[in-house]
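# Inside the fold
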Amino acid sequence: MTKRATTTATSRTKTSPTAPVLGVRALNRATLARQLLLRRSALDARAAVRHLVGLQAQNVRPPYYALAARLDGFAPEELSRLMAGREVARIVTLRSTIHTHTADDCLSLRSLVQPARERELTLFRRGLAGVDLDRLAALARELVEAEPRTMRQLREALSATWPDADPRALGVAARCLLPLVQVTPRGLWGRSGQVALTTAEHWFGRPAGDTPTIDEAVLRYLGAFGPASVKDMQTWAGLTRLRDAFERLRPRLVTFRDENGAELFDLPDAPRPDADTPAPPRFLPEFDNLLLSHADRTRVVPPRYKGRAATGNQAHRTLLVDGFLAGLWKLTDDALVVEAFGELSAAQRRDVTEEGQRMLSVLHPGASYGIRFGTVVGGAAAPAGTGKPAAGH
């Protein structure tokens, strides 16, 4: 147990007098360590994608930015090669959102969350009146395995069989019933391509693997996001009724409490660094799972900044300072613009600038970007000070 966890262990909750209390900073450092954000990891890209149980990939670039923030020696071509080589792919899984997963997880993890995908169909039942869903799944599989199809092409082909159904509902049904992956060149760094779909089994050339048990998924989740509560994992997975799995695993886990008394579970040997461990700045993409995978996000998002990482449905690229959400960032034609939510010290601004230079050198070598502090949301960048130009650009 860490020094801070030891000192707070004297704090007790009424519901569990033996569980040590982990403060917000202790939870922050533990989560950053699992997320490879406290110090960059020597893992290769494939191993990192597996360890993190996938990367949010609503847009093409976020997985690349996510790995650049986490891995030492990462280059975007590494992830592109994995995608082109069909070792990783983009697929709808957790929370009904697109993730980049390893081939093994595409073929197995999707089946774990399949019940949640099928529940989505209840929202479209009126548009699917009279549609035989088993037949739809079989026909959709035949279509996309004959050749990758865009969603528009798939809707049009399905509408020929069910002309009275809502075309959008037909497309949603195909996506929910089948493990559809986005084929390359979509998702490759520096390339463009519309979304075209085929089944995971067809893309990887092998059948789906055994569905992992809920217990196995709990252990992987804690390894990447713990310590965490039952509600935290349910938020991450988009699943419900996971309490029984945690109870089965209780003898293999350790438990803590957060400052509000919520019970937290963790792997016994997982890292829980001291709460005072330095946390360097990190530039994260929009939709990074660090900010989306807990019911209580205060371990990363200070309450005063709740809601600042998104405007409506539009998520923003985020900046961590001292391990917590501290601002936003964007790339313009000529600059990396950083909008800090609060005042940064001179040392923090220097560290943010250095981290920005590193990120640019990894993902945009040869480009000429300056770094400045200004406004990211709500208008054009309004300079509030200029950092050094990124080295070598």
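Here is a short report on the structure shown in this document.

### Focus: the overall build of the protein chain
The secondary structure content of the protein chain amounts to 15 helices and 14 strands. For the protein chain, the C-alpha radius of gyration of 22 Å lies close to 21 Å, the compact-globule estimate for 393 residues. Over its C-alpha atoms, taken along the principal directions, the protein chain stretches across nearly 65 × 55 × 35 Å. Expressed as a percentage of contacts within the protein chain between residues at least 6 apart in sequence, the contacts between residues at least 24 apart total 66%. Carbon together with sulfur atoms contributes 50% to the accessible area of the protein chain, which is approximately 17,500 Å² in total. Taking the average location of the 54 positive side-chain charges in the protein chain and that of its 42 negative ones, the two points are 4 Å from each other.

### Observations concerning the nonpolar core
Counting residues in each nonpolar core, the largest one holds 36 residues, and the members touching the most others are Leu67, Phe74, Phe283, Leu336, Val352, Met359 and Leu363. Secondary-structure elements contributing two or more residues to this core are helix H3 (45-51), helix H4 (62-70), helix H5 (76-84), strand E11 (317-321), strand E12 (324-331), strand E13 (335-340), helix H15 (346-363) and strand E14 (370-373). Dropping the residues within four chain positions of it, Phe283 is found in contact with Tyr65, Ala69, Thr318, Leu319, Trp329, Leu336, Val338, Val352, Glu355, Gly356 and Met359. Among the nonpolar cores identified, the runner-up in size contains 24 residues, and Leu222, Val230, Phe246 and Leu249 belong to it.

### Brief notes about the layout of surface pockets
One number sums up the size of the largest pocket: a volume of about 460 Å³. What lines the largest pocket is a set of 25 residues, and nearest its centre among them are Leu291, Leu292, Arg297, Gly307 and Ala309. Of the residues in the lining of the largest pocket, the class split is twelve nonpolar, seven polar and six charged.

### Section: the packing of aromatic side chains
Across all of its chains, the model carries nine aromatic pairs by this definition. Here Tyr221 and Phe225 contribute two aromatic rings whose centre-to-centre distance is 5.3 Å and whose plane-to-plane angle is 20 degrees, an arrangement assigned as stacked. In this pair, Tyr221 and Phe225 both sit in helix H12 (residues 214-225), four residues apart, roughly one turn of the helix. Phe225 carries the same exposure label as Tyr221, and that label is buried. Aromatic side chains Phe283 and Trp329 sit 5.6 Å apart centroid to centroid with 85 degrees between the ring planes, which places their arrangement in the edge-to-face category. A residue pair is termed long-range when its members are at least 10 positions apart, and Phe283 in strand E8 (residues 282-284) and Trp329 in strand E12 qualify at 46 residues. Exposure class is identical for Phe283 and Trp329. Each is buried. Taken together, the aromatic side chains of Tyr64, Tyr65, Trp189, Phe283 and Trp329 make up a single cluster linked through ring pairs. Seen from the ring of Phe341, Arg308 lies directly overhead, with NZ or CZ sitting 4.0 Å from the centre. When the ring centre of Phe373 is taken as origin, the NZ or CZ atom of Arg349, which lies over that ring, is 4.2 Å away.

### Considering the sheet that holds E12
The strand order E8-E11-E12-E13-E14 describes an open sheet built from five strands, whose pairing is mixed. The sheet is open, and its two borders are formed by E8 and E14, each paired with just one other strand. When strand polarity is set aside, the average angle formed by the axes of neighbouring strands in this sheet is 30 degrees. Relative to E14, E13 is paired through four bridges, and the arrangement is parallel. Paired with Val338 across the bridge in E14 is Phe373. Packing against the sheet, H4 makes contact with E8, E11 and E12, and its axis sits at approximately 165 degrees to E8.

### Side note on the environment of Ala224
Along the chain, Ala224 falls in helix H12. Sequence separation between Ala224 and Leu32 is 192 residues, and the spatial gap between their C-alpha atoms is 9.1 Å.

### A look at the state of the cysteines
By the definition in use, this model includes zero disulfides. For the unlinked cysteine Cys106, the closest cysteine sulfur is that of Cys176, found at 16 Å. Relative accessible area serves as the criterion here: at 0%, Cys176 is assigned to the buried category.

### Things to note about the pairing of strand E7 (residues 263-266)
Of the two faces of E7, the one holding Glu263 and Phe265 and the one holding Leu264 and Asp266 are both buried throughout. As judged from the four bridges shared by strand E6 (residues 254-257) and E7, these two strands associate in the antiparallel manner. Its bridge partner lying in E7, Phe256 is registered against Leu264. A loop of five residues connects E6 with E7, the two strands running antiparallel in sequence, and Gly261 in this loop sits at a positive phi of about 95 degrees.

### Description of helix H13 (residues 230-237)
An α-helix turns once per 3.6 residues; consequently, residues spaced three or four apart project the same way. All of the buried residues along H13 are Val230, Asp232, Met233, Trp236 and Ala237. With its buried residues spanning 160 degrees around the axis, H13 presents them on a single face. On its buried face, H13 sits against H12, helix H14 (243-249) and E7. A positive backbone phi angle near 75 degrees is found at Gly238, which sits one or two residues after H13.

### Some thoughts on empty space enclosed by the protein
One pass over the structure, following the stated rule, counts three cavities of 30 Å³ or more. In this structure, the largest cavity spans a volume of roughly 70 Å³. Along the walls of the largest cavity sit 14 residues, with Leu55, Gln56, Ala66, Asp288 and Asn289 positioned nearest its centre. A total of four residues in the lining of the largest cavity trace back to one element, the largest contributor, which is H4. Class assignment for the residues of the lining of the largest cavity results in eight nonpolar, four polar and two charged.

Procedures and definitions
- Residues numbered from 1 in each chain as written.
- Predicted model: local features only at pLDDT ≥ 70, side-chain atom pairs only at ≥ 80, totals over all residues.
- Heavy atoms only, no water.
- Helix = DSSP H or I, 4+ residues; strand = E, 2+ residues; numbered from the N terminus.
- Rg over C-alpha atoms; globule rule 2.2 N^0.38 Å.
- Contact = heavy atoms within 4.5 Å.
- Areas by Shrake-Rupley, 256 points an atom, 1.4 Å probe, with all protein chains shown as cover.
- Lys, Arg positive; Asp, Glu negative; His and termini not counted.
- Charge placed at Lys NZ, Arg CZ, Asp CG, Glu CD.
- Core = buried A, V, L, I, M, F, W, Y, C linked by side-chain atoms within 4.5 Å.
- Buried < 20%, exposed > 50% of the residue type's maximum accessible area, 1.4 Å probe, protein only.
- 1 Å grid on protein atoms, 1.4 Å probe; cavity = no way out; pocket = protein on both sides within 12 Å on 5 of 7 lines; lining within 4 Å.
- Points joined across faces, edges and corners; volume = space filled by probe spheres on them.
- Nonpolar A, V, L, I, M, F, W, Y, C, P; charged D, E, K, R; others polar.
- Phe/Tyr/Trp six-rings, centres within 6.5 Å; stacked < 30°, edge-to-face > 60°.
- Lys NZ or Arg CZ within 6 Å of the ring centre and 35° of its normal.
- Pairing = 2+ DSSP bridges.
- Axes fitted to C-alpha atoms, helices over the stretch in contact; angles between N-to-C directions.
- Disulfide = S-S within 2.5 Å.
- Arc of directions from axis to C-beta.

Remember, this is a structural readout, not a statement about activity or role.
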